[in-house]
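Summary of structural features
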Amino acid sequence: MLKEVLLGVLGGAAALTVGILLGHFAIEKGSSAPEWVKDASQDVDESIIKKFLAELDTNEIKENLRELTKVPHMATTPGDEATVAFMLKRWQDPKTGLDSAWREDYKVYLSFPNKDNPNKVSVVDPENQVLFTAREREKAYKPEQQDPEVVQPFAAYSPAGNVKGKLVYANQGKMSDYELLNRTLDLRGTIAITRYGGEGRSKKAINGAMFGVVGVLVYTEPYDINDGLVSESETYPHSWYLPPSGVERGSYNIDFGDLLTPYLAAKEDTYRRPKEEITGIPPIPAQPIGFEDAQRLICELDGEDAPAGWQGSFDCTYKLGGPGFKATSSFTNSTVHLDTYNIEKLENSANVMGVIRGSVEPDRYVIYGNHRDSWVHGAIDPSSGTAVMLEITRVLGKMVKEGKWRPRRSIIFGSWGAEEFGLIGSAEYTEEYFSKLSERTVAYINVDISVFANATLRASASPAAQSVLFTASKQVDAPGTTMSVYDNWIRYYNRTSPNYGIIPNVGFLTGAGSDYAAFIHYLGITSMDISYYYDQSKTRARIYPAYHTAYDTFDYASTYIDPGFTSHQAVARTAGNVLLRLADSLLLPFNCSDYAESLEQYLTQAVTAFEAKLAAKEISLDSLKKAVQFFRETAAKLDRLIRDSDLVKETPLKARRINDQLMLLDRAFLDPLAFPDKYAFRHVIWASRSSSVATFPGLADAVEKAESSGLKEDWDQAHKQLSIVTQAIAGAAHTLDDVI
């Protein structure tokens, strides 16, 4: 199916180029231009945007969400397959569908709990009597939690195993946490209980194993998610807070993509490496539990008081563990048993794809997507994003079918499968065709969780996309206010720009937190992630409390997250506005000077944190400073060229050339050899980093490692990373300059 689409758009592109050349040089001065010349110079139509914004319907979004959350739809389950059918039905609708829609099938490596042999956490005394058993399932408050397809809480990719040991409390499971424990306790043969946050899920187990820990329990601390509330009367269904039995499921792996087919599409006949070669997953059993069970365990621990920063909201003083329980506890001399029976399988998973073909530049693509699979019903994550995407495609599809509009460039919509298992942003099939499309893809718009809560817009993006986000958000009313989304955004998240003054703070796409990961980090496609968020001045919640639990349902979303679905509509209007501008503008609405400002911001941090330390090793930052300055100069030069050009009256090839410079800017920062230890991270500006210094990731991590070790080879690596980022910035600057 995709090959047919590509052949069609490439043929159209060839015809366009020939037509442009013939038309521009053959039409006599003063003669009336043929229709295609007008089409080639057509710019974004504000009346179309206004009509589009008016058509987006809160009730349609609400009903989309109701349909998407009828049953649990974990990846590859019957519920997931039903969602595939629903997406295809909508995108193939004769009145409101897309030009074409299809499914792309893959065979992916996933991990599941054993339905016939559930995972267990128990406390067992020396006589082998079971004194306590943690809940195997969350408590049902509504019919949705009683659905037999609600999966038992588990740690995906945790190995099966039966381990036992004395219990210790390891805070967030960071290396520093285990190091603190290891100063006074022998951790060998222990089981550690940790809380979510501060460290990746799998790293809590990986770090513990390095100290001899044999198993890890993970719980959600009420202090971190519930603002300290722990009783049933104060939590869902009485509020948005997590009930005591709620358990956050999750994928316990570091690398994104299919774990058996790195850098290859996970098709039926693809080579698969032995599973023994997989890295980044727990080497020891791990299991998440609810905070009611965690409280029972933690409050019985012996040992020294945990540090103040490790304390939480339980009605006891958190102890480190003796290891084990205190002498006065009914659990004294008992051990914790962790029995996991997870199984790994190769299962069929599908992407649902759809396209609206461009009329002028069909070989240029704007991709809009979010993942479809959830851990349970997934009303917020991810179905709020899917509900918004379906409403955007309904309105655009209707306009296309009625002949009222067709985009200048092609728009590809994607409903990704198996993201919750770490197959983020179609990473498991990146090599099949997204890498082939990448050189012709304008941008990727990600709306994964569209609404966390109903306070304000929040966005992360490549700096070049900041300007189009601002333009779009100024045209959308913020729900419940008399101001625009843009002005409301400033109230909650803002920064002072040396060029613009106080503006909304657009975050950077560091790390691999969502579906944009493969697009920005591996393919270098300018990307953005858009959502509506909560007022963080009113809560400590690190994310919405029902995240990845059986309580993330339509009832939860419609009662506590966005009762009128007006925040969903605001996201649809903002993201849809951005989409139309990227698809229809004669000149892409990207600003390279905004990128220069972000590089300067990173440079300032690097100079402050590392210049003196590097100078002591006779390593200078002067070349990096010059590269950033050169980027600023070439960006300003391109800005002047754009400002001084009347592209409507000039050859369309000039607009095409400038657009290529804008479109390919993020690609210029890719270096496939920059991070040999980081799977699929090639973008030298936005790759993940372990350093707390917000600057160039390779440089920051290398300098801090060298500081810690003092080894010459580590300082050499810091010098190498400095050279890598310097030359990448200089190279990117050259792509913005005039042709050679």
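Anyway, here's the lowdown on the structure attached to this text. (Residues numbered from 1 in each chain as written. Predicted model: local features only at pLDDT ≥ 70, side-chain atom pairs only at ≥ 80, totals over all residues. Heavy atoms only, no water.)

**Digging into the overall build of the chain**
The secondary structure content of the chain amounts to 21 helices and 19 strands. Viewed in the frame of its principal axes, the chain has a C-alpha envelope of about 100 × 65 × 55 Å. Here the chain holds 740 residues, and the buried ones make up 59% of them. (Helix = DSSP H or I, 4+ residues; strand = E, 2+ residues; numbered from the N terminus. Buried < 20%, exposed > 50% of the residue type's maximum accessible area, 1.4 Å probe, protein only.)

**Let's talk about the pattern of salt bridges**
Tallying each qualifying case throughout the model produces 40 salt bridges. Where lysine 107 meets glutamate 268, a salt bridge forms, and the shortest distance between an N and an O atom there is 4.0 Å. Of the two residues, lysine 107 sits in strand β1 (residues 100-112) while glutamate 268 sits in the loop between β9 (250-251) and β10 (286-288), which places them 161 residues apart along the sequence. Take lysine 107: its relative accessible area is 15%, and that puts it in the buried class. A relative accessible area of 59% places glutamate 268 in the exposed class. Here aspartate 644 and arginine 643 are joined by a salt bridge, their closest N and O atoms 3.9 Å apart. Owing to a relative accessible area of 57%, arginine 643 belongs among the exposed residues under this scheme. Counted as one network, the salt bridges with shared partners bring together Glu361, Asp363, Arg364, Arg408, Arg409, Arg656 and Asp660. (Salt bridge = Lys/Arg side-chain N within 4 Å of Asp/Glu carboxyl O.)

**Considering the state of the cysteines**
According to the stated counting rule, one finds one disulfide in the structure shown. At a sulfur-sulfur separation of 2.0 Å, the disulfide partner of cysteine 299 is cysteine 316. Where cysteine 299 bonds to cysteine 316 through sulfur, the torsion about that S-S bond is close to -75°, and the disulfide is left-handed. Placement of cysteine 299 in the loop between α9 (291-298) and β11 (335-340) and of cysteine 316 in the loop between α9 and β11 is noted, with a sequence separation of 17 residues between them. A relative accessible area of 22% places cysteine 316 in the partly exposed class. (Disulfide = S-S within 2.5 Å.)

**Details of the pairing of strand β7 (residues 191-195)**
Two faces make up the sheet, and in a regular strand the side chains alternate between them. Burial within β7 is extensive, with five of its five residues counted as buried. Pairing geometry for β7 and strand β8 (residues 215-219), over five bridges, is parallel. Bridging from a neighbouring strand, arginine 195 pairs with tyrosine 219 of β8. Considered for its hand, the β-α-β crossover made up of β7, helix α7 (residues 201-209) and β8 is right-handed. (Pairing = 2+ DSSP bridges. Right-handed = clockwise from strand over helix to strand, strands pointing away.)

**What to know about the environment of glycine 511**
Within the secondary structure layout, glycine 511 lies in the loop between β18 (501-504) and α14 (517-522). Separated by 198 residues in sequence, glycine 511 and serine 313 place their C-alpha atoms 30 Å apart. In this structure, glycine 511 is in contact with Tyr516, His521, Phe681, Trp686, Ala687 and Ser688, ignoring residues within four places of it in sequence. (Contact = heavy atoms within 4.5 Å.)

**Re the packing of aromatic side chains**
This model, assessed by the stated rule, comprises 44 aromatic pairs. Ring geometry for tryptophan 91 against phenylalanine 413: centres 6.2 Å apart, planes inclined by 50°, an arrangement best described as tilted. Within this pair, whereas tryptophan 91 is found in helix α5 (residues 78-91), its partner phenylalanine 413 is found in strand β14 (residues 409-416), the two being separated by 322 residues in sequence. Members of the aromatic cluster, joined through ring pairs, are Tyr141, Tyr236, Trp240, Tyr241, Phe452, Tyr533, Tyr534, Tyr544, Tyr547, Tyr551, Tyr556 and Tyr560. A cation over a ring is seen here: lysine 267 above tyrosine 106, with NZ or CZ 4.4 Å from the ring centre. The aromatic ring of tyrosine 486 is capped on one face by lysine 474, whose charged end is 4.7 Å from the ring centroid. (Phe/Tyr/Trp six-rings, centres within 6.5 Å; stacked < 30°, edge-to-face > 60°. Lys NZ or Arg CZ within 6 Å of the ring centre and 35° of its normal.)

**A look at the sheet that holds strand β2 (residues 120-124)**
Strand order across the open sheet formed by four strands is β3-β2-β11-β5, with antiparallel pairing between neighbours. Across the chains shown, the open sheet's two edge strands, defined by having one partner strand only, are β3 (130-133) and β5 (161-165). For this sheet the average axis-to-axis angle between neighbouring strands, irrespective of direction, equals 20°. Bridging between β2 and β3 involves three bridges; their strand directions are antiparallel. Each residue of the ladder has a partner; that of serine 122, found in β3, is threonine 133. (Axes fitted to C-alpha atoms, helices over the stretch in contact; angles between N-to-C directions.)

**Observations concerning the side chain of asparagine 577**
Topologically, asparagine 577 is positioned in helix α16 (residues 566-584). A distance of 2.8 Å separates the side chain of asparagine 577 from the side chain of glutamine 475, its partner in a polar contact. (Polar contact = N/O pair within 3.5 Å; in protein donor to acceptor, adjacent residues only side chain to side chain.)

**Notes on the nonpolar core**
Phe413, Tyr544, Phe631, Phe669 and Ile729 are the most contacted members of the largest nonpolar core, which totals 209 residues. When residues in this core are grouped by element, the largest group, 11 residues, is from helix α21 (residues 712-736). Excluding residues that lie within four positions of it along the chain, phenylalanine 413 makes contacts with Trp91, Leu98, Val352, Met353, Gly354, Ile356, Tyr368, Met389, Ile392, Thr393, Leu396 and Leu579. Counting 22 residues, the second largest nonpolar core, distinct from the first, contains Met74, Val151, Ile278 and Ala418. (Core = buried A, V, L, I, M, F, W, Y, C linked by side-chain atoms within 4.5 Å.)

**A closer look at α5**
End to end, α5 covers 20 Å across 14 residues, agreeing with the expected 20 Å (1.5 Å per residue, within 8%). If you check which residues of α5 are buried, you get Gly79, Asp80, Thr83, Val84, Phe86, Met87, Leu88, Arg90 and Trp91. Buried residues along α5 sit in contact with α4 (58-68), β1, β12 (343-356), α10 (383-401) and β14. (Expected span 1.5 Å × (residues − 1).)

**Let's talk about the packing of helix α17 (residues 592-615) against helix α18 (residues 622-644)**
Remark: α17 packs on α18, axes separated minimally by 9 Å, with the N-to-C direction vectors making an angle of 165°. It follows that α17 is roughly antiparallel to α18 by the angle criterion. Handedness of the crossing formed by α17 with α18: left-handed. Seen from α17, the contacting residues are Cys592, Ser593, Tyr595, Ala596, Glu597, Leu599, Glu600, Leu603, Val607 and Glu611; seen from α18, they are Leu624, Lys625, Val628, Phe631, Arg632, Ala635, Ala636, Leu638 and Asp639. Looking at the contact of α17 with α18, its residues break down into 12 nonpolar, one polar and six charged. (Parallel < 35°, antiparallel > 145°, perpendicular 65-115°, else oblique. Left-handed = near helix turned anticlockwise from the far one by under 90°. Nonpolar A, V, L, I, M, F, W, Y, C, P; charged D, E, K, R; others polar.)

**Brief notes about the environment of tyrosine 493**
Along the chain, tyrosine 493 falls in the loop between α13 (485-492) and β17 (494-497). Taking C-alpha positions, tyrosine 493 is 5.4 Å from asparagine 505, a pair spaced 12 residues apart along the chain. Other than its neighbours up to four places away in sequence, tyrosine 493 contacts Thr456, Leu457, Arg458, Ile503, Pro504, Asn505, Tyr533, Tyr534 and Gln536. Within the structure, the side chain of tyrosine 493 is placed 3.0 Å from the side chain of glutamine 536, a separation counted as a polar contact.

**Quick look at the sheet that holds β10**
Note: strands within a sheet are paired through backbone hydrogen bonds, in either parallel or antiparallel orientation. Here four strands make up an open sheet; going across it, the order is β6-β7-β8-β10 and the pairing parallel. In this open sheet, the two strands that pair with only one neighbour each are β6 (167-169) and β10. Sheet twist, expressed as the mean angle between neighbouring strand axes with direction ignored, is 25°.

**A few points about unusual backbone geometry**
Following tyrosine 236, the chain continues to proline 237 via a peptide bond in cis, the omega torsion being 15°. Here proline 237 shows up in the loop between α8 (222-225) and β9. In the segment running from glycine 322 into proline 323, the intervening peptide bond is cis, with an omega of 0°. Tracing the backbone shows proline 323 in the loop between α9 and β11. Positioned with a positive phi, alanine 418 is a non-glycine residue whose angle comes to about 60°. The topology assignment puts alanine 418 in the loop between β14 and α11 (430-437). Of note, glutamate 618 is a non-glycine position whose phi angle comes to about 60°, a positive value. For glutamate 618, the position within the fold is in the loop between α17 and α18. When its relative accessible area of 77% is taken as the criterion, glutamate 618 is described as exposed.

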